[in-house]
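# Remarks on the overall topology
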Amino acid sequence: MLKIFKYLKESKWSVLAIIVLLVIQAYCDLALPQYTADIVDVGIGQKGIENAVPQRMREETYDALRMLMTQEERELLSSAYEQVEDGTYTLCAGKETIEKLNESMGIPILILSMAEGGGGMSESGTFQSADGSEAGSFDSAKAGGGIAAIEGMQLSDSHVLALREQILEKLGDSGETLITQRALLFVQEEYERLGMDLGKIQRNYLYATGGMMLVYSVVMTATAILVGLLAARIGAKLGLNLRERVFTKVVSFSHAEMEQFSTASLITRSTNDIQQVQMVVVMMLRMVVYAPIIGIGGVVKVLRTRTGMGWVIVVAVAMILALVGILMVVAMPKFKKMQTLVDRLNLVSREILTGVPVIRAFSREKFEEERFDRANRDLMRTQLFTNRVMNIMMPVMMLIMNGISIMIVWFGAKGIELGNLMVGDMLAFITYTMQIVMSFLMLTMISVMLPRAGVAAGRIEEVIGTSAGITDKEQVKDEKLKDVKGVVTFENVSFRYPGADEDALQNLTFTAGPGETTAIIGSTGCGKSTLLNLIPRFYDVTGGSITIDGVDIRDLSQHKLRSLLGYVPQKAVLFSGDISSNLKFGGDDISDSRMMEAAEIAQATEFIEEKQEKYHSEIAQGGTNVSGGQKQRLSIARAIAKSPKVFLFDDSFSALDYKTDVTLRRALRKKTGDATVIIVAQRISTILHADRIIVLDEGKIAGMGTHEELLRDCEAYREIARSQLSEAELKGGAAV
């Protein structure tokens, strides 16, 4: 998890922008349910009248309400209204003042509306104070009805407060709802008396509220699109950077690190694992940040609705947490195992595909099919299990959500029946509850994916964090090789493979000079290729030193060292492209004339010229559309075209027929007259006329000299010669 967050540091400003946008999106999302509730309750139920504070009222109503208020409330009323030319009073206050007026005008309006209806609060038609004394009286039969009666009353602040207390006590628990409803009805009646169009008021309210909902929806949509765009860009950039870092690290690995990770595993880590991290990062930016905001905001909004059903949220959250806990226990181990199974399937697939000829030759198709089937089915079973768990999660989550909705409707309906709850508030409560549940659902989904992505991130970090065993020194000595001759010297060199018990090479000392051909021969497994691999620093010596012109190769930068070498591997490797791109692989400075000369020396011109597009003929991946001998000649030509100071041939003539081998070596000798040539060979005929032949036996030098000298003095060489040459060749030598 922390590794995934670490990757986001590179895009911190974009992440910050996403958080800001998600806060805006959540604010809009949380505002919409309340607007829906307002449309239902105010726009439809209350005909667009928002509260008990009239926008306009008659003078007599204004005066009557003042009589039923305390001195402080009268001052507030006077500051909120101004009288216009027709004698009516118009509201001119701000939102804060209106809210205060709404709290203080409810009971005065209730008293006024009851007075207009012809009744008082006591059987005698008097308003009574808390101690039973008369606070005032009115005669409903008087002209002007209740308002006229109240206008004649003189109530002190204490009488007003006592009267209110008496009314609230009589109304009981439903008093607040009853006061609100009666006040709204009174405002409607007041508007009708003023000749105002209630239909227009309602339409204006609906248009205004609906317009605000539309604005919030547009803003929410725009922020969601921007968040998606930014998250996708961050994910794409993250994938790009990770692939680049993994690839750069893998390219810097020596043979030892390459052997630590299998090729199949490195491919999986560079593709599937990075894709997992990339996908989870995008989802995290869109969900993990958004879910807590919407969840906490939903809880705050629910608490403000004052529905008395907060316990429903607790039940919903508890059920969801229980579901998430079960998922964690059951599914998480399988998600962690899945990446290993993907690796295994890739490994088996790669082995089978690269070994198809051998598999067919030994008629092992059925066995390999069964091996692949086992790896495939192991992965399938794990994927099926995790998918089934996820498929169960969704219906269960929907069941919880629908069950919560039923509970809210059930208990909300009872609240509406008792007058404690409005329909719009219940709808808003349902919406907020669903938002809270959905936030937990989003967190659940991402929590299921995080472990797998965490495993993938760990595997990626394992590659990135692996230090290359062969690195350049801080202070290299490249400047000491300005005029390179190419003298390669082994000084008491020993080498042991990592983890091995014995040295593969022991105490090797020899010098290969320019204009000379140094050949290395020996039995299989004696260390010939290992010796050659030490020169370009595919491995580093564990004892002694290798120098070029007296400079230790470990003191040179790898780029400088390898720029001096022309390496032809034991297994010829070609890259997808054309013949020209492969022959010029050694550098951009290789001209067409040098390329053609190298092809001619390597005896590749004949088959190249036969192709329709000649040097622009396509080479398939791995060189599968050319023969083994052609591939080997192209590899040799690639090294020749580079014009290096030191040629390294690792059994590079094995696929050539005798005639081509002889012709190639003659042409090569002319070309490499001033270069150092080191050849690893299995066939004596290839190295017969080498200036120096080194015989290796179990990692040690068993003999060194020319062909004739070794035949005379080295038993190991004589055994090899007897197995490959006739008696006549042994006595007289083989002509080149």
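Residues numbered from 1 in each chain as written. Predicted model: local features only at pLDDT ≥ 70, side-chain atom pairs only at ≥ 80, totals over all residues. Heavy atoms only, no water.

### Some points on the overall build of the chain
Our working definition: In DSSP terms, a helix is any run of H or I states spanning at least four residues, a strand is any run of E spanning at least two, and both are numbered starting from the N terminus. Note on exposure labels: buried denotes an accessible area under 20% of the residue type's maximum, exposed denotes more than 50%, and partly exposed covers the range between, all computed with a 1.4 Å probe on protein chains only. Using the Shrake-Rupley algorithm and a 1.4 Å probe, accessible areas are obtained, with residue cover drawn only from the displayed protein chains.
Each helix and strand counted, the chain has 27 helices and 17 strands in total. Out of the 736 residues in the chain, the part that is buried amounts to 47%. Just so you have it, the chain exposes about 36700 Å², and 55% of that area is on carbon and sulfur atoms.

### Side note on the sheet that holds strand β6 (residues 488–495)
Which entries qualify depends on this criterion: When DSSP finds two or more bridges between two strands, those strands count as paired.
One open sheet holds the four strands; their spatial order is β7-β6-β9-β10, and the pairing between them is antiparallel. Each edge of the open sheet carries a strand with a single partner, namely β7 (505–512) and β10 (551–552). Here strand β9 (residues 543–548) runs beside β10; their pairing, made up of two bridges, is antiparallel. From the neighbouring strand, T547 faces β10, where its bridge partner is D552.

### Here's the deal with the packing of aromatic side chains
Formally: Under the pairing criterion, centres of Phe, Tyr and Trp rings, with the six-membered ring standing for Trp, must be within 6.5 Å; the plane angle then separates stacked pairs below 30 degrees from edge-to-face pairs above 60, leaving the rest tilted. Whether a charge lies above a ring is judged from NZ of Lys or CZ of Arg, which has to be within 6 Å of the ring centre and within 35 degrees of the ring normal.
Inspection of the entire model under this criterion finds eleven aromatic pairs. Judged by centre distance (6.3 Å) and plane angle (70°), the rings of Y62 and Y81 are edge-to-face. Remark: Y81 occurs in strand β2 (residues 81–83) and Y62 occurs in helix α3 (residues 59–67); sequence separation between them is 19 residues. Each member of the pair Y62 and Y81 is classed as buried. Put simply, the rings of Y27, Y35 and Y216 pair up and form one aromatic cluster. Over the ring of F367 we find R364, and its NZ or CZ is 4.3 Å from the ring centre.

### Remarks on the sheet that holds strand β17 (residues 700–705)
What counts is decided by this rule: In this description, a line fitted to the C-alpha atoms serves as the axis of each element, helices being fitted only across the stretch in contact, and the angle between N-to-C directions of two axes falls anywhere from 0 to 180 degrees.
Taking strand neighbours across the sheet as the criterion, the six strands line up as β11-β14-β15-β8-β16-β17 in an open arrangement whose pairing is mixed. At either margin of the open sheet sits one strand with a lone partner, and together these are β11 (565–568) and β17. Taken over all neighbouring pairs, the strand axes of this sheet differ in orientation by 15° on average, direction set aside. Across five bridges, strand β14 (residues 646–650) lies against strand β15 (residues 676–680) in parallel orientation. Within β15, the position partnered with F649 by the bridge is I679.

### A short note on the nonpolar core
Most often, soluble globular proteins have nonpolar side chains that are buried together. Put simply, the rule reads: Only buried residues count toward a nonpolar core, which is a set of Ala, Val, Leu, Ile, Met, Phe, Trp, Tyr and Cys residues joined through side-chain atoms within 4.5 Å.
Counting residues in hydrophobic clusters, the biggest one holds 79 residues, and the most contacted among them are L242, V277, L285, I408 and I460. Contributions of two or more residues to this core are made by α2 (12–45), α9 (198–252), α11 (263–288), α12 (290–305), α13 (310–354), α15 (365–418) and α16 (423–465). Here the element with the most residues in this core is α16; it accounts for 19 residues. Core analysis: the second largest hydrophobic core is formed by 48 residues, A519, L574, L711 and Y717 among them.

### Quick notes on the environment of E351
Tracing the backbone shows E351 in helix α13. As a C-alpha pair, E351 and A264 span 87 residues in sequence and 9.0 Å in three-dimensional space.

### A look at the confidence of the model for the chain
Stated precisely, the cut-off is as follows: Per residue, pLDDT measures the predictor's confidence, with a range of 0 to 100. Here a residue-residue contact requires only that any non-hydrogen atoms of the pair lie within 4.5 Å.
Per-chain confidence: the chain averages 80 in pLDDT, with 90% of residues scoring 70 or above. Taken as a whole, residues 118–145 scores under 50 in pLDDT and shows 44 contacts with residues more than four places along the chain or in a different chain.

### Some remarks on empty space enclosed by the protein
Here is the rule: Grid points spaced at 1 Å over the protein atoms alone were grouped into cavities, where a 1.4 Å probe fits but cannot get out, and pockets, open sets with protein on both sides within 12 Å along at least five of seven lines, with lining residues defined by an atom within 4 Å of a point. Grid points are joined across faces, edges and corners, and a volume is the space filled by probe spheres set on the points. Under the convention adopted here, Pro, Cys and the residues Ala, Val, Leu, Ile, Met, Phe, Trp and Tyr are nonpolar, Asp, Glu, Lys and Arg are charged, and Gly plus all remaining residues are polar.
The full count for this structure, using the stated rule, is one cavity of 30 Å³ or more. In this structure, the largest cavity encloses a volume near 40 Å³. Taken together, Y7, L8, E10, S11, I234, K237, L238 and N241 make up the lining of the largest cavity. Considering every element that reaches the lining of the largest cavity, the biggest residue donor is α9, with four residues. By residue class, the composition of the lining of the largest cavity is four nonpolar, two polar and two charged.

### Some words on the pattern of salt bridges
What counts, and what does not: The salt bridge definition used is simple: a Lys or Arg side-chain nitrogen within 4 Å of an Asp or Glu carboxyl oxygen.
By the definition in use, this model includes 20 salt bridges. Residues E715 and R718 are paired through a salt bridge, measuring 2.5 Å at the closest nitrogen-oxygen approach. Of the two residues, E715 and R718 are both situated in helix α26 (residues 715–724); the distance of three residues between them amounts to about one turn of the helix. By relative accessible area, E715 is classed as partly exposed at 38%. Because the salt bridges share partners, they merge into one network encompassing R58, E60, E190 and R193.

### Notes on unusual backbone geometry
Notably, R537 is not glycine yet its phi reads approximately 60°, a positive angle. Structurally, R537 can be placed in the loop between α17 (528–534) and β9. Overall, the relative accessible area of 3% leaves R537 in the buried class. Residue E698 is not a glycine yet carries a positive backbone phi of 55°. With respect to the helices and strands, the residue E698 is situated in the loop between β16 (692–697) and β17. By relative accessible area, E698 is classed as exposed at 66%.

### A few points about α11
One turn of an α-helix holds 3.6 residues; hence residues three or four places apart share an orientation. Note the cut-off: Multiply 1.5 Å by the residue count of a helix minus one, and that product is the helix's expected span. Throughout, bend refers to the angle between the axes fitted to the seven residues that end at a position and the seven residues that start at it.
When the terminal C-alpha atoms of α11 are compared, their 35 Å separation across 26 residues agrees well with the 38 Å that a helix rising 1.5 Å per residue should span. In the structure, α11 departs most strongly from a straight axis at R269, where the bend amounts to approximately 40°.

### Thoughts on the environment of L238
By the secondary structure assignment, L238 is in helix α9. Expressed as a C-alpha distance, the spacing of L238 and V282, which sit 44 residues apart in the sequence, is 9.9 Å. Not counting the four nearest positions on each side in its chain, L238 is found in contact with Y7, V277 and V281.

### Points about the packing of α3 against helix α4 (residues 71–80)
Defined as follows: We call two directions roughly parallel when the angle between them is under 35 degrees, roughly antiparallel when it is over 145, roughly perpendicular when it lies between 65 and 115, and oblique otherwise.
Contact geometry for α3 and α4: axes closest at 9 Å, N-to-C directions at 155°. On the basis of their axis angle, the class for α3 and α4 is roughly antiparallel. Across the interface between the two elements, Y62, R66 and M67 from α3 touch R74, L77 and S78 from α4. Residues belonging to the contact of α3 with α4 are distributed by class as follows: three nonpolar, one polar and two charged.

### Focus on a negative patch on the surface
Just so we agree on the cut-off: Each patch is built from residues lacking any salt bridge and having more than 30% relative accessible area; the joining distance is 9 Å for like charges and 5 Å for nonpolar side chains (Val, Leu, Ile, Met, Phe, Trp, Tyr). Neither His nor the chain ends contribute to the count of charged residues, in which Lys and Arg are positive and Asp and Glu negative. Throughout, a charge is located at the NZ atom of Lys, the CZ atom of Arg, the CG atom of Asp or the CD atom of Glu.
On the surface, a cluster of negative charge is contributed by D501, E502, D697, E698 and E719. For D697, the location among the structural elements is in strand β16.

### Section: the pairing of β17
Direction of pairing for β16 relative to β17: antiparallel, over a ladder of five bridges. Note that in β17 the partner of I693 across the bridge is G705. Linkage of β16 to β17, two consecutive antiparallel strands, is achieved through a turn of two residues, within which E698 is found at a positive phi near 55°.

### A closer look at the side chain of D555
Going by this rule: As used in this structure description, the phrase polar contact means that two N or O atoms lie within 3.5 Å; if the pair is within protein, one of them must be able to donate a hydrogen and the other to accept it, and residues adjacent in sequence are counted only when both atoms belong to side chains.
Here D555 shows up in the loop between β10 and α18 (558–563). Residue classification places D555 among the buried residues on the basis of a relative accessible area of 13%. Within the local environment of D555, its side chain forms a polar contact with the side chain of K473, the two groups lying 2.5 Å apart. Non-local contacts of D555, meaning those with residues more than four positions away in its chain, are made with K473, V476 and K477.

### Focus: a nonpolar patch on the surface
Side chains of W13, L16, V20, I24, V215 and V219 sit close together on the surface and give an oily, nonpolar patch of about 550 Å² of accessible area. Only α2 and α9 provide two or more residues apiece to the nonpolar patch. Tracing the backbone shows I24 in helix α2.

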